[in-house]
Each structure stands twice: as structure tokens, then as C-alpha cells.
Amino acid sequence: MFTIQTLNKISEKGLGLLDPERFAVKDDAAQPEGIILRSHKMHDMTLPESLLAVARAGAGVNNIPIESCTDKGIVVFNTPGANANSVKELVISGMLLSSRKIVEGVSWARNLKGESDVEKTVEKGKKDYAGPEIMGKTLGVIGLGAIGVMVANAAADLGMNVLGFDPYISVDSAWGLSAGVRRAKSLEAAVAECDFISIHVPLLESTKGMVDSSLISRMKDGVRILNFARGPLVNDADIITALESGKVAKYITDFPNAELLNQENVLPIPHLGASTPEAEENCAVMASRQLADYLSSGNIKNSVNFPSVEMEFSTDIRLVILNRNVPSMVGQITSVLADEKINISDMINKHRDEVAVTIIDVDGDISPEGVKRLEAIEGVIRARVIKK
Ligand SMILES: NC(=O)c1ccc[n+]([C@@H]2O[C@H](COP(=O)([O-])OP(=O)(O)OC[C@H]3O[C@@H](n4cnc5c(N)ncnc54)[C@H](O)[C@@H]3O)[C@@H](O)[C@H]2O)c1
Ligand SMILES: O=C(O)[C@H](O)COP(=O)(O)O
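Nothing here was measured: the structure is a model prediction, and the numbers come from that model. (Residues numbered from 1 in each chain as written. Chains lettered and ligands numbered in written order. Predicted model: local features only at pLDDT ≥ 70, side-chain atom pairs only at ≥ 80, totals over all residues.)

Details of the site of ligand 1
For clarity, the threshold we go by: Residues are classed as near a molecule or strand if the C-beta position derived from their backbone is within 6 Å of it. Strands are runs of DSSP state E lasting at least 2 residues, helices are runs of H or I lasting at least 4, and numbering of each runs from the N terminus. Three classes are used: nonpolar for Ala, Val, Leu, Ile, Met, Phe, Trp, Tyr, Cys and Pro, charged for Asp, Glu, Lys and Arg, and polar for all others, with Gly counted as polar. An automatic or database domain assignment supplies the residue ranges for each domain.
Contacts to ligand 1 come from 32 residues, most closely from Gly-60, Gly-143, Gly-145, Tyr-168 and Gly-273. Going through the elements one at a time, helix H3 (84-99) and helix H6 (146-157) are the ones with two or more residues in the shell around ligand 1. If one sorts the elements of the shell around ligand 1 by residue count, H6 sits on top with 3 residues. Of the residues in the shell around ligand 1, the class split is 18 nonpolar, 11 polar and 3 charged. Two domains each provide a minimum of three residues to the shell around ligand 1, namely domain 1 (1-82 + 277-306) and domain 2 (84-268).

Listed below in C-alpha cells is the structure:
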């Protein structure tokens, strides 16, 4: 039986896939083998010794201490693309809301409650809430992953000129981009001629503060910036200065904070990018499946810190070993098995950057001492036995 702790509310559509005979799902557990979460910050949490895997029902993993997890042999998953459509729809709404003065107009109209001739006042006052269409305007999309590609394609379908920038674009994303999306050669070139700029990169040390006064100075006057990726990608002080001077006309952010709320031209959205039933279900289903698969078979799909690996069971006993990607690991592991007189039926070894995963199906039981010997090999991070 594996204990799965939930650190946020996770859709039942996903949790319901976890067989209750094998998985106990709890929102409070001292020694869980698995964790499922959304945006709960895990950085201050002590990682329990029992923990084997963390599944992020969503895209961003900046709330998870990835390096510590890797060092402790905890596999971290996310759910690429599962909430991308939900974010795309909100980005398109964000462009329309900020361009057409919809929020201001709605709030003005609500305040007419109780007035005697509302129809007449509406017709007289509407001139203050006129705003341009988005068709024919230029959008720059920074980051062309699951969300960026969908945003770029949808904007092109709406008749916008779209420029995309992503120096690390994947082959799948490149194939998925509509032919109408032009490629910008640099970040500066991507933003220079845009009426709207939408950011869709992960929050990393290298992307933190990427929208700062220097980049803003390259933009057109009156640009509208959309941030549905992460708050710290934009330098708050710099965007506030640019909003106050009118250089930036609107900042539409899914990550408001106290300072930004003081700005009239900030459109604050309370992190609703992935808050649709469809996205919540998609993410929960993917996260639950990936977590259950790893705990019960060692197979890994969509991990952010360990390689993908998959092997059908060929016997009833399997060793799953997480190790450093250094020479002679497999030799040392198999020689322990040879000492234990255990026959290997099938095996696979995959690596990614500094780490590797070795799955070995064996014919006989391995003793607890044998597992300890495997764990004692320098470079082995974690070893566990799975019985089918
Ligand atoms: N607001 C929300 O609710 C919400 C929902 C989902 C994701 N997000 C955020 O959006 C981010 C992107 O999500 P995604 O699903 O598209 O992820 P993704 O991994 O599919 O795409 C990210 C893209 O950014 C690119 N990239 C990385 N560094 C870059 C740089 N310096 N310049 C340009 N491009 C760069 C990568 O090559 C990749 O193509 C997530 O990391 C998360 O922080 C927010
Ligand atoms: O990175 C993500 O997937 C989003 O920011 C969604 O976060 P949430 O699951 O807390 O809504």
C-alpha cells in the first residue's frame, strides 16, 4: 500500500484513478510515498525519508525544491500541456479585456444602478470606453512551449500579426506553430514592434526579471504586457515606472501583489490561468497516472528531474535504482546481483544530465542486505524493490 499526500485540492477525476486497494490518498500524512500538489510551496517543507515521488498537477515546478528532490532520489513529475488551452483562452481574454476597456466599462455600468434613465446614460457615456480591436495588431509571444504555441496560433487565427521567440523551441512545438507566426531572432527583436507581448517561459534563475527597464525601453510606447507565466519574470519596480510614465499602457498579470494592486493600469487576475474544470481534470488525471505508474512499476514519464524510462515486467520482482550518471554504475550493480546469485531477466538504463535510472527484472528475491549493498555503492542515490 502506498500513501499519497495531497497538498492542494486535486480533482477527483484524477484521484479516483488511484486504486484504493493499493493507494491511500490523504491530505495529511507523516510518511507518504507520493505527493500530489498544484501551487503549494514545498520549499520550506522537510522532505520525508519515505517520499519517492512528487507529481505537480500543472506545468510550473518552481514551487518544488527540485535539486533536493534529485539528491534524495525523489522523482518529480509535471503534466505538460494539460492546462495549456485553459491558459490560452485567458490570455486571449486578457488582450480583449485590456484593449476594449471592458473591465472599466462594466464597472461604470454597474454603478449606474438606481439611476433613472440608464439607457440614455449608457449611450452618452460609452464614448469613454472605446478601445481598439486586436485584429491587425502585433503580438510577441516569448516562449513557444505548450501554451505559447497555442496563444500564437489562436492570435494568428484572430488576424493578429504574431512574432515568436524561443531559442530552445522543441521539434514538436516548431511543428505545431501556425505558418503565419514569424520567428524573432532575439528577445529584443521580438518585443520591438509589438502592441501586445505575452510571456510563456518557466521561472528559472535565467528568466527571472527578463522583462526589466532595459527590455521595456526597446518596446513601442503604449505596449500591453501579459504575464500568465510567473510574477518574478517581470521586474515589478521597472514595470510600475513604465506604467506611471505611460510607456506600458496595461500590465495584465495572473500574479498580482500588493505593489501592483496600487496601479490603475494593472489588470490583476487571481491566478486563474489553469482554473477550469477541464484543465483541473486533465492535470489531475495525468499527475495521478504518472505517479501511480512510477510507484508501482518504476516507469517514468514526464519527470522534470529524471529520464523517461519504460519497461514491461518480465518477472514478478523488479529493482528500481536511481543513480548518478557516472562510469561503471551498471557493472557494480550487476556484480552485487551476481554475488547474491540472482539472475537478471531484463534490464534498461537511461540517463539524463547528471542522473540515471536503472530498472532490472530479476528471477529471485533480493535480500534486504543485498538492497543495502546496492545503496552503499557510491553514486547510487536510491534502490528499491517492487513486487508485481
Ligand atoms: N497562469 C497559469 O495558471 C499557468 C498555467 C500553466 C503554466 N503557467 C506557467 O507558464 C509556463 C509555461 O508553461 P508551458 O506549459 O507552456 O511550458 P513549456 O515547458 O511547454 O514551455 C516553456 C517554453 O519556454 C521556453 N523558454 C525557456 N527559456 C526561455 C527563454 N529564456 N526565452 C524564450 N523561451 C524560453 C522553452 O524552450 C519552452 O518552449 C510554466 O512554466 C508556468 O510557470 C502558468
Ligand atoms: O504552472 C501551472 O500549471 C499554473 O500556474 C497553474 O497553477 P495552479 O494549479 O495552482 O492553478
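There's plenty left to go through after this.
Description of the environment of Met-42
Counted only if it meets this: What counts as a contact is two residues whose backbone-derived C-beta atoms lie within 7 Å of each other.
Within the secondary structure, Met-42 is located in the loop between strand E3 (34-37) and strand E4 (53-56). With 287 residues separating them in the primary sequence, Met-42 and Met-329 have C-alpha atoms 31 Å apart. In this view, Met-42 contacts Asn-63, Ile-64 and Pro-65; residues no more than four positions away in its chain are not counted.

Some thoughts on the domain arrangement of the chain
Segmenting the chain into domains produces domain 1 (1-82 + 277-306), domain 2 (84-268) and domain 3 (309-388). Of note, the centres of domain 2 and domain 3, computed from C-alpha atoms alone, are 49 Å apart.

A look at the packing of H3 against H6
The criterion, for reference: The convention used is that axes are lines fitted to C-alpha atoms, helices contributing only their stretch in contact, and that angles between N-to-C directions extend from 0 to 180 degrees. Angle categories: roughly parallel below 35 degrees, roughly antiparallel above 145, roughly perpendicular from 65 to 115, and oblique for all the rest. Each crossing gets its handedness from the near helix: less than a right angle anticlockwise from the far helix is left-handed, clockwise is right-handed.
Where H3 meets H6, the closest approach of the two axes is 9 Å, and the angle between their N-to-C directions is 45°. In terms of orientation, H3 and H6 fall into the oblique class. In this structure, H3 crosses over H6, and the sense of that crossing is right-handed. For the pair formed by H3 and H6, the contact residues are Ala-84, Asn-85, Val-87, Lys-88, Val-91 and Ile-92 on the first element and Ala-146, Ile-147, Met-150, Val-151 and Ala-154 on the second. When the residues that make up the contact of H3 with H6 are grouped by side-chain class, the tally is 9 nonpolar, 1 polar and 1 charged.

Notes on unusual backbone geometry
The criterion, for reference: A residue is called partly exposed when the number of other C-beta atoms within 10 Å of its own lies between 12 and 20, exposed at 12 or fewer, and buried at 20 or more, with C-beta atoms placed from the backbone.
For Asn-302, which is not glycine, the phi dihedral falls at a positive 65°. Summarising the element assignment, Asn-302 is placed in the loop between helix H12 (277-297) and strand E13 (317-324). One non-glycine residue, Lys-341, lies in the positive phi region at around 60°. One can find Lys-341 in the loop between helix H13 (329-339) and strand E14 (344-352). Under the C-beta neighbour-count criterion, Lys-341 is labelled exposed, with 8 such atoms within 10 Å.

Description of the site of ligand 2
Around ligand 2, the surrounding shell consists of Arg-38, Ser-39, Gly-58, Ala-59, Gly-60, Asn-83, His-271, Gly-273, Ala-274 and Ser-275. When grouped by side-chain class, the residues that make up the shell around ligand 2 number 2 nonpolar, 7 polar and 1 charged.

Some words on the sheet that holds E4
Spelled out, the test is: Two strands qualify as a pair provided that DSSP identifies no fewer than 2 bridges between them.
Here we have 5 strands laid out as an open sheet, ordered E2-E1-E3-E4-E5, and parallel in their pairing. Lying at the two open borders of the sheet, with one neighbouring strand each, are strand E2 (23-26) and strand E5 (75-77). Averaged over neighbouring strand pairs, the angle between their axes works out to 20° when direction is ignored. With 4 bridges joining them, strand E1 (residues 2-6) and E2 adopt parallel strand pairing. The residue of E2 that forms the bridge with Gln-5 is Lys-26. Strands E1, E2, E3, E4 and E5 of the sheet are contacted by H12, whose axis makes an angle of about 165° with E4.

Thoughts on the confidence of the model for the chain
Cut-off, in case you're wondering: The pLDDT value expresses, per residue, how confident the predictor is, ranging between 0 and 100.
When pLDDT is averaged along the chain, the result is 97, and 100% of the positions lie at 70 or above. Scored as a whole, the predicted complex attains pTM 0.96, and scored at its interfaces, ipTM 0.99.

Examining the pairing of strand E6 (residues 138-142)
This is how it is decided: Looking down the strands as they point away from you, a crossover is right-handed if its path from the first strand over the helix to the second goes clockwise.
In terms of residue burial, E6 counts as a mostly covered element, since 4 of its 5 residues are buried. Pairing of E6 with strand E7 (residues 161-165), which is carried by 5 bridges, proceeds in the parallel orientation. Within the sheet, the bridge partner assigned to Ile-142 lies in E7 and is Phe-165. A crossover links E6 with its parallel partner E7, the connecting element being H6, and its sense is right-handed. Two strands pair when backbone bridges link them, and E6 and strand E9 (residues 196-199) are joined in this way by 4 bridges, in the parallel orientation. The residue of E9 that forms the bridge with Ile-142 is Ile-199.

Things to note about the sheet that holds strand E10 (residues 223-227)
Strand order in the open sheet formed by 7 strands is E8-E7-E6-E9-E10-E11-E12, and the pairing between neighbours is parallel. Edge positions in the open sheet fall to strand E8 (181-183) and strand E12 (266-268), since each of these has one partner strand only. The average undirected angle you get between the axes of adjacent strands in this sheet is 20°. Across 3 bridges, the pairing between E7 and E8 is parallel. What sits directly across from Gly-164, in E8, is Arg-183.

A word on the environment of Glu-193
Its location among the elements puts Glu-193 in the loop between helix H8 (187-192) and E9. For the pair formed by Glu-193 and Arg-218, sequence separation is 25 residues and the distance between their alpha carbons is 8.8 Å. Not counting residues up to four positions away in its chain, the partners in contact with Glu-193 are Thr-138 and Lys-220.

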